[in-house]
Amino acid sequence: MLGYQNNVLRVDLSRKECKAEPLNMNWAEKYIGSKGLAIKYLYEELKPGIDPLSSENKLIFMNGPMTGTTVPCSGKLAIAGKSPATGTICDCSIGGHSALNIKYAGYDAIILEGALDKPGYLLIENDKVSFEDASSLWGKGSHDAETALIEQYGHDYSVLSIGPAGETLCTMACINSDYYRQAGRGGMGAVMGSKNLKAIVVRGTGGVKIPNIVEATKRIAEIERENTLLEDNTFVFDFGTTAFLEACQDGGILPKNNFSDATDIDWTKYNGDVLLEHLQGKRGCGSCGLGCGNFLKIGDVVCEGPEYESIAVAGPNAGNSDPVAIVKANQVADNMGLDTISAGDTIIWAMEMTERGVHDFGIRFGEMDKYIEYLELMARKEGVGAELCLGVKKLAKKYGGEDYALEVKGLEYPQYEPRGSWGMSLAYAVSDRGACHMRAYAPNEEVFAASIPPYTAEGKGEMVFRLGQSNAVKFSLCICDFWATLDYEIMAELMTLVTGREWTADDMADVGTRVLNIARAFNQREGFSAKDDTIPRRIVNEALSTGAAAGQKIPMEAFEDMKQQYYAVLGWNADGTLPESLLATL
Amino acid sequence: MKRLKFSKEKCIGCQLCAQACSATHDGVFMPSRARIGIESYYDRGGVLKYKDAYCNLCGICFKNCPTGAITMTDKILVDHPTCIGCGTCAAKCPRKVVKIIDKKSYICDTCDGDPMCVKVCPQGALQFV
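Residues numbered from 1 in each chain as written. Chains lettered and ligands numbered in written order. Predicted model: local features only at pLDDT ≥ 70, side-chain atom pairs only at ≥ 80, totals over all residues.

Engineer: What exactly am I supposed to notice about the overall build of chain A here?
Structural biologist: Scanning chain A from N- to C-terminus turns up 24 helices and 17 strands. In terms of C-alpha radius of gyration, chain A reaches 22 Å, essentially the compact-globule figure of 25 Å for 586 residues. In terms of principal-axis extent, the alpha carbons of chain A reach across some 60 × 50 × 50 Å. In chain A, 71% of the contacts between residues at least 6 apart in sequence involve partners at least 24 apart. (Helix = DSSP H or I, 4+ residues; strand = E, 2+ residues; numbered from the N terminus. Rg over C-alpha atoms; globule rule 2.2 N^0.38 Å. Contact = placed C-beta atoms within 7 Å.)

Listed below in structure tokens is the structure:
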């Protein structure tokens, strides 16, 4: 199939050797690229039960057949490995321009194996690959390291780097690229740190071929006009994800004070209207059509974003309404190489523990100077940070406060309160990498579009499957979530244009289901089952007191009902495992 | 005469322009070969900057070509049999948008008055007016 480079760079960090090998096209036929294909490689190549932070884990950087083409929103890169935060499979979708540079350098994927014996970085210039010393970069912030590397190599290079959090193997460590884009969740930065790899620096000057390229490019441009640049999608250019703030406040799913409520009376103090007054410019990823990135400068603080998740966790959920503190927290977390969601959730849990007298972590709601200070302490594992970097699940086991611990499988909750969007509790529970809002975005249907009643279990298994299937294939095409109107028909047409092989809408749906199944199969092999698809106690026990969802909590029976619906739609066993017949199809 | 016009405040740095250019002219998505190079980047992470290499039909390449290989009407055309690949056009181009590949000069020909880069530009940062 065209579109692919049919070339994988396999890097043995222990031996400082690398070799190019053909992409497994049998697997590509079934899993396309990015998320799905990365998970397939890991399913086949990782031994069950390995320590995610050992040299036995692999870290895969996978693009797809559309990467580097004019297919809109196709510039994302999957970064995948076994998660040290959860023990599950974990794939992240990072923006920026690194996916394009990897593809133009001639690779569908980079597979990192083993570990360097001392800090280094990988330099890739087309088919030239070298192992470079990173002793002068070790300890530096991720942004600071990127600046040093870009000054050395130039702006045409992409840098994927970790901060101190990755170096200290903090399980909420992310990987950054283009400064403000993250492979945020599940600790992929710690996996990179465990390999003593500070950065990948990559520049590609080659190209990507597809069939009948002139006519195909014209047709893709039409699809861009007719479907990508619709108002349903272009709001992200106008507002970025700050738009979700108002929608979540109105829908009563904006978490406040560690998810103790779901509206904030002060939300207009830090909403998009306030933040975008400080807009310096717009930036999207490579091949993007939408340009969600808002580059802001407030005082001496800059960031691209902040995104809804980072606003909500360091805003209302931390008892804070100061936008400068929100942006500062985002900037520090990024530079330290910390996932803003997991790190933020851990701090706000600690705030509540102090307030309730469960354990004094020395921080209370609204204390943003400490919030920002704690981020750096967590990344460096110093002082109280050495405890907090354990994350909510382990901390609650150790200190108490499990009634207020919002996590699934050890991954902290995103900032969409499920009591106002019941399907989201299911989406968090059955997500392949722990509590994640990117796997099945239930609020869109239950709250924003209000097309499905939010406070009921009815139909939620089917809904979460449908949304999850769509995102699973979208992320396997390496297309961004923000192209929300992309359906299977268009996906199939794009795949046909790019690969030269006929794809149908049904094929795309089948890929989505297969990706859901193989991710589940990976986790099943690691011992996960229905017992791990959990809902936090707070969501079951405490009713919300304000907003559109006031009075709502999710009864355990309703949650279990949703889970069984979901398993049934997928043909899974009642205990959440895949039957042999499905395992055989992977 | 219509020319390319670039508004950086609308640019999101997606590089679709260079991808479409190389696809149309060279049969491959390959920005390094494109006759347009518009990108944005964060300088030291703190300032958003733009590279805006595009042909605005200033004609300097045409005026300085020593062999007469370059002609200019409402677009630039390079006659490759006549071009000796001396690189004068590239050296003189004020926007550094001329590519010399295999000793031949490649310059924007406006896709014969219907530039593909403009068609794919998602936010209207590139116009042909």
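Engineer: I'm lost on the overall build of chain B in this one. Help?
Structural biologist: When its secondary structure is counted, chain B shows four helices and eight strands. Helices and strands appear in chain B in the N-to-C order β-α-β-β-α-β-β-α-β-β-α-β. The C-alpha atoms of chain B give 15 Å as radius of gyration, which agrees with the globular expectation for 129 residues (14 Å, within 12%). On the principal axes, the C-alpha backbone points of chain B span a range of 45 × 30 × 25 Å. Here chain B holds 129 residues, and the buried ones make up 43% of them. Residue pairs in contact within chain B that sit at least 24 positions apart in sequence constitute 53% of those at least 6 positions apart. (Buried ≥ 20, exposed ≤ 12 C-beta atoms within 10 Å, placed from the backbone.)

Engineer: Would you mind going over the domain arrangement of chain A with me for this structure?
Structural biologist: It is common to give the size of an interface as the accessible area lost on bringing the parts into contact. Residue and element names in this part refer to chain A. Here the domain parsing of chain A yields domain 1 (8–203), domain 2 (237–405) and domain 3 (418–586). Of note, the centres of domain 2 and domain 3, computed from C-alpha atoms alone, are 25 Å apart. Facing the 15 residues of domain 2 at the interface are 18 residues of domain 3. Taken together, the residues of the side of domain 2 that touches domain 3 sort by class into eight nonpolar, three polar and four charged. (Domains from an automatic or database assignment. Nonpolar A, V, L, I, M, F, W, Y, C, P; charged D, E, K, R; others polar.)

Engineer: Sorry if this is basic, but what is going on with the packing of helix α2 (residues 34–45) of chain A against helix α21 (residues 505–525) of chain A here?
Structural biologist: Residue and element names in this part refer to chain A. α21 packs onto α2 with a crossing angle of 35 degrees between their chain directions and a minimal axis gap of 10 Å. Two packed elements cross with a definite hand, and for α2 against α21 that hand is left-handed. Each of K35, G36, I39, K40, L42 and Y43 in α2 lies in contact with α21, whose residues at this interface are V511, V515, I518, A519, A521 and F522. Of the residues assigned to the contact of α2 with α21, the class counts are nine nonpolar, one polar and two charged. (Axes fitted to C-alpha atoms, helices over the stretch in contact; angles between N-to-C directions. Left-handed = near helix turned anticlockwise from the far one by under 90°.)

Engineer: Would you explain the sheet that holds strand β14 (residues 293–298) of chain A in this entry?
Structural biologist: Across a sheet, strands are paired by hydrogen bonds formed along the backbone, either parallel or antiparallel in direction. Residues and elements named next belong to chain A. In space, the three strands of this open sheet follow the order β13-β14-β15, with antiparallel pairing throughout. With partners counted over all chains shown, the strands left at the sheet margins are β13 (279–283) and β15 (301–304), one partner each. The mean angle between the axes of side-by-side strands here comes to 15 degrees, regardless of whether they run parallel or antiparallel. Sheet topology places β14 next to β15; four bridges connect them, and they run antiparallel. (Pairing = 2+ DSSP bridges.)

Engineer: I tried to follow the sheet that holds strand β1 (residues 8–12) of chain A on my own but got confused; where do I start?
Structural biologist: Residues and elements named next belong to chain A. If you trace the six strands from one edge of the open sheet to the other, you get β2-β1-β6-β3-β4-β5, paired in mixed fashion. In this open sheet, the two strands that pair with only one neighbour each are β2 (17–21) and β5 (89–94). Looking at each pair of strands side by side, their axes are set apart by 15 degrees on average, direction ignored. Direction of pairing for β1 relative to strand β6 (residues 109–113): parallel, over a ladder of five bridges. If you follow V8 over to β6, its bridge partner there is A109.

Engineer: Help me understand the interface of chain A and chain B in this model?
Structural biologist: Each partner contributes residues to the interface: chain A has 33 residues there, and chain B has 27 residues. When residues of the side of chain A that touches chain B are traced back to their parent elements, those giving at least two are α4 (142–153), α7 (213–228) and β13 of chain A. Among the elements that line the side of chain A that touches chain B, the one with the most residues is α7(A), at five residues. Of the residues in the side of chain A that touches chain B, the class split is 11 nonpolar, 17 polar and five charged.

Engineer: Help me understand helix α9 (residues 243–251) of chain A in this model?
Structural biologist: Two residues of an α-helix separated by three or four positions point the same way, owing to the 3.6 residues in each turn. Residue and element names in this part refer to chain A. All of the buried residues along α9 are F244, L245, C248, Q249 and G251. Against α10 (272–275), α11 (308–314) and α18 (443–448) lie the buried residues of α9. Taken from the residues just after α9, G252 is the one with a positive phi, measuring 70 degrees.

Engineer: I tried to follow the nonpolar core on my own but got confused; where do I start?
Structural biologist: One recurring pattern in soluble globular proteins: nonpolar side chains tend to sit buried together. Judged by nonpolar contacts, the single largest core of 230 residues is most densely connected at I79(A), L338(A), L375(A) and C17(B). A per-element tally of this core places helix α13 (residues 340–356) of chain A first, with eight residues. Among residues more than four places away in sequence, those in contact with L338(A) are A165(A), C170(A), M172(A), A173(A), C174(A), A333(A), A343(A), L375(A), M378(A) and A379(A). (Core = buried A, V, L, I, M, F, W, Y, C linked by C-beta atoms within 7 Å.)

Engineer: Looking at this structure, I do not really get α21(A). What am I missing?
Structural biologist: Residues and elements named next belong to chain A. Taking 1.5 Å of rise per residue, the 21 residues of α21 would be expected to cover 30 Å, and the 30 Å separating its terminal C-alpha atoms lies within 8% of that figure. Looking at α21, one finds that the buried residues are M508, V511, G512, R514, V515, L516, N517, I518, A519, R520, F522 and N523. Positive backbone phi, approximately 100 degrees, marks G527, located one or two places after α21. (Expected span 1.5 Å × (residues − 1).)

Engineer: In this structure, what is going on with the confidence of the model for chain B? I would like to understand it.
Structural biologist: Close inspection of predicted coordinates is inappropriate for parts of the model with low pLDDT. Residues at a pLDDT of 70 or more form 100% of chain B, whose mean pLDDT is 96. The complex model carries a pTM of 0.98, and its ipTM stands at 0.97. (pLDDT = per-residue confidence, 0-100.)

Engineer: Where do I start with the pairing of strand β9 (residues 158–161) of chain A in this structure?
Structural biologist: Taken residue by residue, a regular strand's side chains alternate between the two faces of the sheet. All names here are of chain A. Burial along β9 is two-sided: the residues S158 and L160 and V159 and S161 are all buried. With four bridges connecting them, β9 and strand β12 (residues 197–203) associate as antiparallel partners. Within the sheet, the bridge partner assigned to S158 lies in β12 and is V202. In the sheet, β9 pairs with strand β10 (residues 175–177) via two bridges, with the strands oriented antiparallel. Its bridge partner lying in β10, S161 is registered against N176.

Engineer: Help me out: how do you make sense of the pairing of β2(A) in this one?
Structural biologist: Residues and elements named next belong to chain A. Here five bridges tie β1 to β2, and the two strands are oriented antiparallel to one another. Pairing of D12 across the sheet is with E17, part of β2. A loop of four residues connects β1 with β2, the two strands running antiparallel in sequence, and K16 in this loop sits at a positive phi of about 50 degrees.

Engineer: So what exactly am I meant to see when it comes to the packing of helix α19 (residues 460–476) of chain A against helix α23 (residues 556–570) of chain A here?
Structural biologist: Helix-helix packing: each pair is described by the crossing angle between the helix axes and the interaxial distance. Residue and element names in this part refer to chain A. Remark: α19 packs on α23, axes separated minimally by 7 Å, with the N-to-C direction vectors making an angle of 55 degrees. The orientation of α19 with respect to α23, classified from their angle, is oblique. Crossing hand, α19 versus α23: right-handed. Residues K460, G461, E462, V464 and F465 of α19 lie in contact with α23, whose contacting residues are M562, Q565, Y566, A568, V569 and L570. When grouped by side-chain class, the residues that make up the contact of α19 with α23 number seven nonpolar, two polar and two charged. (Parallel < 35°, antiparallel > 145°, perpendicular 65-115°, else oblique.)

Engineer: Can you walk me through unusual backbone geometry in this structure?
Structural biologist: Glycine aside, the phi torsion of most residues is negative, and most peptide linkages are trans. Residues and elements named next belong to chain A. Note that the residue after G305, namely P306, is joined by a cis bond; omega there is -10 degrees. Here P306 lies in the loop between β15 and α11. Backbone geometry places C73, a non-glycine residue, at a positive phi of 60 degrees. Checked against the element boundaries, C73 lands in the loop between β3 (59–62) and β4 (77–82).

Engineer: Could you clarify how one ought to interpret the environment of M438(A) in this entry?
Structural biologist: All names here are of chain A. Among the structural elements, M438 can be located in the loop between α17 (422–430) and α18. Along the primary structure M438 and L467 are separated by 29 residues, whereas in three dimensions their C-alpha atoms are 9.7 Å apart. The contacts of M438, once residues within four sequence positions are left out, are N471 and D481.

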